[in-house]
Amino acid sequence: MPDLVKFFINGKAVTASEDESIWEVSKREGNSIPHLCHSNKLGYEADGNCRSCVVEIKGERTLAASCIRKPSNGMEVITNNDKVEKSQKLVLELLLSDQPEKEKSHNQKSHFWEILQTNQISKTRFPKKDSKIVPSLDNSHPAMTVALDACIQCGLCIRACRDVQVNDVLGMSGRGTNSYPVFDFDDLMGSSSCVGCGECVQACPTGALMETALLDDNNVQTVFPDKHIKSLCPFCGVGCQTNVSVKDNSIVAVNGDNGPANENRLCVKGRFGFDYINSPLRLTEPLIRIDKKSKVWDLTIESKDVYKYFRKASWEEALGYSSKKFNSILNNNPVNSLAGFGSAKGSNEEAYLFQKLIRTGFKTNNVDHCTRLCHASSVAALLQSVGSAAVTAPFTAAKDAECIIVIGARPEQNHPVAASYLKQAVKNGSKLIIMDPRKQNLSRYATHHLQFNPGQDLSLLNAMIYTIIEEGLIDEDYVKNNTEGFELLEKEIKSFNPQIMEKICGINSEIIREVARLYAKSKTSIIFWGMGISQHVHGTQNAFCLINLALITGQVGRDGTGLHPLRGQNNVQGASDAGLIPMSYPDYQRVDINKNLSEMESFWNATLDPNEGKTVVEIIEDIYSNKIKGLYVQGENPAMSDPDQNHARKALAKLEHLVVQDIFMTETAWYADVILPASAHAEKNGTYTNTNRQVQLGRAVVKTPENVKQDWWIIQEIAKRMGLDWNYQSPKDIFNEMKLIMPSLNNISWERLERDGFVTYPVESEFELGQDIIFNDGFPTLNKLAKITPTKLIMPNDELSKEFPLVLSTGRLLEHWHTGTMTRKAIILDKLEPDPIIFMNEIDSKLYDLDLNRKVKIKTRRGEMSINIRLDDDLLPGMIFLPFCFKEAAANILTNSTLDPIGKIPELKFSAASVHQN
């Protein structure tokens, strides 16, 4: 802990820590000191560039920049005498001479103009900068405008890009008055490697960098918000807190707020992807299908044709019809004839209420959500091995790790803010190891990138385990006191000699050994993984291997160690916690254990099914075979997200009754009998649990469109019409019920979340913010021990052949999220990535003699499509990558629906494919 320093500010005795600056202490004491190049937000190092924050220190001849000067015992600081104020005002006046006239300035309410107003400066005695040396206006980026006539060369944008987001795009070019920030090698912003995170805009104090949507044709800000509301980003599992600017019930801008997972940062989706809620394609009234004969599997409904298939209905009619048909199916068919797909995009309260409806109203455990398509195998392995599906440490723990492994994940694309913490850790000395068949920008920061053969994770990981055991690198005390099953692993690992495995995984055995040693010998090592690990028929086995690596080396339960599957959607962790899965009640209480069954029957006052339900893909299969007749889909899009898409759509078209609750006419809604218009994330209150186990409060920032209802209200209304006596008045009521049966929410109240912003579970008292690192004193298993589970070598399910020689993998793009239902209706995001593409190595494009200006045909054993190519030499030859966000080229037409037998997750990362020129 830093030592305390006692000194004086303007004659007042103050106490500070030795690592605080005079500026920080002065601010805390209520003394206002001008600042422009300095930001007091986390991640910004002060550099004393602008000199507007100078103070006098008694006994020193020159004034000191308070943002970089640390106090010492007995120091006497003066912030407000004539000498100081004259110097500060002189600096501000000089900077004013470099600005446009205020009435023509880009942001008249910028921090710069506020500082001038506070210091009563309205004009300058100094000549204006020669306009000839000012770079031209740059509006080449769809979201941001660069107007360097307002630049004061403070360097904040560069620190934002280099130090905070660690994207390293911005730098300073030129000297003296000719120096300006530039993108890459003085490129236009729109053609540079800028990833559009907007951190530079958020940092800029003058308006030299601005959100274009706020400007008029003269590049002057004319849109100013009426209010600012704290909420959450609606996209990935990072759970960034946001400060949303609202005007006339519309979002006009979004900035990052100081949340535990983002510390003011955002990515391009979080900052610029907000306007999907204003899309003219929003559903705004209940719809009922006109003719059931129109439900054919290869149906496509364009927005202009919606009323050819559906008619408008009142809420009473739509809810009554939905419930009447569900009740009819329930009463006239065998058990488990109904099912429900909930959403990982909704709140914890919505997830809880939805699964409660399916279990108590539909009388089945056939309830699931998209975790089945992303991290179900990780959850299964973690539950079996360590007794909990939660991450053992947050991604911010990377700062304390000597060694970081990232496997089967592309954080810069899928979790950009989390990636910034990994890059910062590397800059501070951590060793980063990336394991993935495809390289990535993050590979620039890695000591090793193990580009192994697709689908051969098990051979690589077990070869590492072999090395650690063979070379005596295990933590014997940890293994003895905290685990069981090591003896069996020690026996079965002998078949995974790295010299043999290198022929399978494609990585030299010495490199495998080197990386294994680095992980095992580091004092602190942490593993992050993504869907490249989980979306395989051997996904659970992959996760077992990663868990085994951590357990045999004792790399869990301490700062800088742990296991972290990076969650894909904003509330996939919370939805699973809330019981939106077929095998468990809330907090992972198994449905097939009598004690849990009787407790939940008593709590809900209902008779429950004692058997596990079916998962997402299994539900589709049971629909296809006529076992399931009715389906309620809330905020999911299986017609796009499920593997073997044509098969899934044929199943959806067969349903006797399909109710879809969503904000848009999704591909799944094409097959609906009833469509219920729902609230968007920005229109609702509720709690969300991010990938770090941080429970946070999302707030409604705008009202729903007229006649659109809250999701929880719709679910409750259907429940009432199915005979359930529910009377929740708000999400808070639902949350309070959840607390009664979910120990993970102990000491977390709605009021705490409103006050503190977040709480990390588990939390032992109402006075702390929770435990970032868990399992430091045992595991939540019956004997407090973690179970080591050996794995076998399992090959991918789809075989390469002469007809299908390529490996097709699917995933996300930075600019788009999940199936694109939201992000492709966000104007800026769609401008950045408007068209479907498939990525291919240049070697393969030449091997197959492909004309890059023409579309190619991609084919697997399940389907085919025509699409444009984008070259990507980060891919191994023989591998192609297809984003799954484009409905015009739906990736899951091609993917394999074969399931991991444990996690029940489909094989989405390995499909044998061919490519031909059309």
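Just so it is clear, the structure is predicted and the values come from calculations on it, not from any experiment.

Reading the values: rules and limits
Residues numbered from 1 in each chain as written. Predicted model: local features only at pLDDT ≥ 70, side-chain atom pairs only at ≥ 80, totals over all residues. Heavy atoms only, no water. Helix = DSSP H or I, 4+ residues; strand = E, 2+ residues; numbered from the N terminus. Rg over C-alpha atoms; globule rule 2.2 N^0.38 Å. Contact = heavy atoms within 4.5 Å. Areas by Shrake-Rupley, 256 points an atom, 1.4 Å probe, with all protein chains shown as cover. Buried < 20%, exposed > 50% of the residue type's maximum accessible area, 1.4 Å probe, protein only. Pairing = 2+ DSSP bridges. Axes fitted to C-alpha atoms, helices over the stretch in contact; angles between N-to-C directions. Salt bridge = Lys/Arg side-chain N within 4 Å of Asp/Glu carboxyl O. Parallel < 35°, antiparallel > 145°, perpendicular 65-115°, else oblique. Left-handed = near helix turned anticlockwise from the far one by under 90°. Nonpolar A, V, L, I, M, F, W, Y, C, P; charged D, E, K, R; others polar. Phe/Tyr/Trp six-rings, centres within 6.5 Å; stacked < 30°, edge-to-face > 60°. Expected span 1.5 Å × (residues − 1). 1 Å grid on protein atoms, 1.4 Å probe; cavity = no way out; pocket = protein on both sides within 12 Å on 5 of 7 lines; lining within 4 Å. Points joined across faces, edges and corners; volume = space filled by probe spheres on them.

Draft legend 1. Structural detail: the overall build of the protein chain. Summing up its helical and strand segments, the protein chain has 29 helices and 37 strands in all. Against the compact-globule benchmark of 29 Å for 918 residues, the protein chain has a radius of gyration of 29 Å, which places it among compact chains. Reported as C-alpha extents along the three principal axes, the dimensions of the protein chain are approximately 90 × 70 × 65 Å. If you take every contact in the protein chain between residues at least 6 apart in sequence, the share linking residues at least 24 apart comes to 72%. Accessible surface for the protein chain amounts to roughly 34,900 Å². Of this, 48% is attributable to carbon and sulfur atoms.

Draft legend 2. Quick look at the side chain of Asn264. Mapped onto the fold, Asn264 is located in the loop between strand S12 (250–256) and helix H6 (268–272). Overall, the relative accessible area of 8% leaves Asn264 in the buried class. Setting aside residues no more than four positions away along its own chain, Asn264 makes contact with Lys41, Leu42, Glu199, Gln202, Gly256, Asp257, Asn258 and Gly259.

Draft legend 3. Layout of the sheet that holds strand S3 (residues 54–57). Read across the open sheet, the five strands follow the order S2-S1-S5-S3-S4; overall the sheet is mixed. This sheet does not close on itself; its edge strands, each paired only once, are strand S2 (12–17) and strand S4 (64–65). Here two bridges tie strand S1 (residues 4–9) to strand S5 (residues 76–78), and the two strands are oriented parallel to one another. Looking at S5, one finds that Phe8 is bridged to Glu76. Sheet strands touched by helix H2 (residues 82–96): S3 and S5. Its angle to S3, the strand with the most contacts, is close to 155°.

Draft legend 4. Fine view of helix H4 (residues 156–164). Of all nine residues in H4, seven are buried, a share of seventy percent or more. Those residues of H4 that fall on the buried side of the exposure criterion are Leu156, Cys157, Ile158, Arg159, Ala160, Cys161 and Val164. Elements that come into contact with the buried residues of H4 comprise strand S7 (170–173), strand S8 (180–183), helix H5 (199–203), strand S9 (209–211) and helix H12 (416–427). Phi turns positive, to about 55°, at Val166, one or two residues after H4.

Draft legend 5. The arrangement of the environment of Ala16 in detail. Among the secondary structure elements, Ala16 is positioned in strand S2. Separated by 10 residues in the primary sequence, Ala16 and Lys6 place their C-alpha atoms 6.5 Å from one another. Each residue touching Ala16, except ones within four places of it in the same chain, is listed here: Asp3, Leu4, Val5, Phe7, Val25 and Arg28.

Draft legend 6. Structural view of the pattern of salt bridges. Enumeration according to the criterion identifies 47 salt bridges in this entry. As a salt-bridge pair, Arg159 and Asp47 come within 3.5 Å of each other at their nearest N and O atoms. Here Asp47 lies in the loop between helix H1 (22–28) and S3 and Arg159 lies in helix H4, a separation of 112 residues in the sequence. Judged by its relative accessible area of 8%, Arg159 is buried. Two residues, Lys345 and Glu636, come together in a salt bridge whose shortest N-O distance is 3.4 Å. With Lys345 in the loop between strand S15 (338–341) and helix H9 (348–360) and Glu636 in the loop between strand S25 (630–634) and helix H23 (638–641), this pair connects stretches of sequence that are 291 residues apart. Look at Glu636 and you get buried, because its relative accessible area is 6%. Three or more residues joined by partner-sharing salt bridges are found here, namely Glu316, Glu717, Lys720 and Arg721.

Draft legend 7. Geometry of the packing of helix H13 (residues 457–470) against helix H19 (residues 539–553). Put simply, H13 and H19 touch, their axes get as near as 9 Å, and they point 15° apart. By the criterion of interaxial angle, the relationship of H13 to H19 is roughly parallel. In terms of crossing hand, the pair formed by H13 and H19 is left-handed. Of H19, the residues touching H13 (which contributes Asp457, Leu458, Leu461, Asn462, Met464, Ile465, Ile468 and Ile469) are Gln541, Asn542, Cys545, Leu546, Asn548, Leu549, Ile552 and Thr553. In terms of residue class, the contact of H13 with H19 is made up of 10 nonpolar, five polar and one charged.

Draft legend 8. Representation of the packing of H2 against helix H3 (residues 111–118) in the model. Two numbers describe how H2 lies on H3: the axes approach to 11 Å, and their chain directions differ by 135°. Taken together, the axes of H2 and H3 lie oblique to each other. Every pair of crossing elements has a handedness; the one defined by H2 and H3 is left-handed. Counting all contacts with H2, which are made through Leu92, Leu95 and Leu96, the residues of H3 involved are Phe112, Trp113, Ile115 and Leu116. In terms of residue class, the contact of H2 with H3 is built from seven nonpolar, no polar and no charged.

Draft legend 9. View of the packing of aromatic side chains. This structure, assessed with the given rule, holds 14 aromatic pairs. With centroids separated by 4.7 Å and ring planes inclined at 50°, the aromatic side chains of Phe326 and Phe362 adopt a geometry described as tilted. Here Phe326, found in helix H8 (residues 315–332), pairs with Phe362, found in the loop between H9 and strand S16 (367–368); they are 36 residues apart in sequence, far enough to count as distant. Owing to a relative accessible area of 0%, Phe326 belongs among the buried residues under this scheme. Assessed through its relative accessible area of 1%, Phe362 is described here as buried. Taking the centre distance of 6.2 Å and the plane angle of 85° together, the rings of Tyr585 and Trp604 count as edge-to-face. Of the two residues, Tyr585 is situated in strand S23 (residues 584–585) and Trp604 in helix H21 (residues 594–604); the sequence distance between them amounts to 19 residues.

Draft legend 10. Focus on the sheet that holds strand S36 (residues 879–883). Spatial ordering of the closed barrel is given by S32-S36-S33-S35-S34-S37, a layout of six strands whose pairing is mixed. Across this sheet, the average inter-strand angle for adjacent strands is 45°, counted without regard to direction. Note that strand S33 (residues 837–840) and S36 share two bridges and pair antiparallel. In the sheet register, Phe839 faces S36, and the bridge partner there is Phe881.

Draft legend 11. Here's a closer look at the environment of Thr284. Assignment of secondary structure puts Thr284 in the loop between H6 and strand S13 (287–289). The class for Thr284 is partly exposed, based on a relative accessible area of 33%. The spatial distance from the C-alpha of Thr284 to the C-alpha of Ala678 is 8.1 Å, given a sequence separation of 394 residues. With residues up to four places along the chain from it excluded, the contact list for Thr284 reads Pro677, Pro705, Glu706, Asn707 and Val708.

Draft legend 12. Region of interest: H2. In this model, H2 (15 residues) spans 20 Å end to end at C-alpha, consistent with the 21 Å of a helix rising 1.5 Å per residue. Of the residues making up H2, those classed as buried are Val84, Gln88, Val91, Leu92, Glu93, Leu95 and Leu96. Buried residues along H2 sit in contact with S3, S5 and H3.

Draft legend 13. The arrangement of the pairing of S3 in detail. With burial as the criterion, each face of S3 is covered, one bearing Val54 and Glu56 and the other bearing Val55 and Ile57. Two elements, S3 and S4, share two bridges in a ladder whose sense is antiparallel. Its bridge partner lying in S4, Val54 is registered against Ala65. As consecutive antiparallel partners, S3 and S4 are separated by six residues, and within that stretch Gly59 has a phi angle of approximately 95°, a positive value.

Draft legend 14. Expanded view of unusual backbone geometry. With an omega of 0°, the peptide bond running from Tyr761 to Pro762 counts as cis. The topology assignment puts Pro762 in the loop between strand S30 (758–760) and strand S31 (786–787).

Draft legend 15. Geometry of empty space enclosed by the protein. With the rule as written, the count across this model stands at 11 cavities of 30 Å³ or more. Looking at the largest cavity, its volume works out to about 370 Å³. Forming the walls of the largest cavity are 25 residues, and the residues nearest its centre are Gly408, Asp436, Met531, Gly532 and Lys909. Broken down by secondary-structure element, the contributors of at least two residues to the lining of the largest cavity are helix H11 (411–414), helix H18 (531–534), strand S32 (806–811) and S36. No other element matches S32, which puts three residues into the lining of the largest cavity. In terms of residue class, the lining of the largest cavity is made up of nine nonpolar, 10 polar and six charged. Roughly 300 Å³ of internal volume is contained in the second largest cavity. Taken together, 28 residues line the second largest cavity, and the ones lying closest to its centre are Lys345, Gly635, Asp662, Ile663 and Met822. Residue composition of the lining of the second largest cavity, by class: eight nonpolar, 14 polar and six charged.

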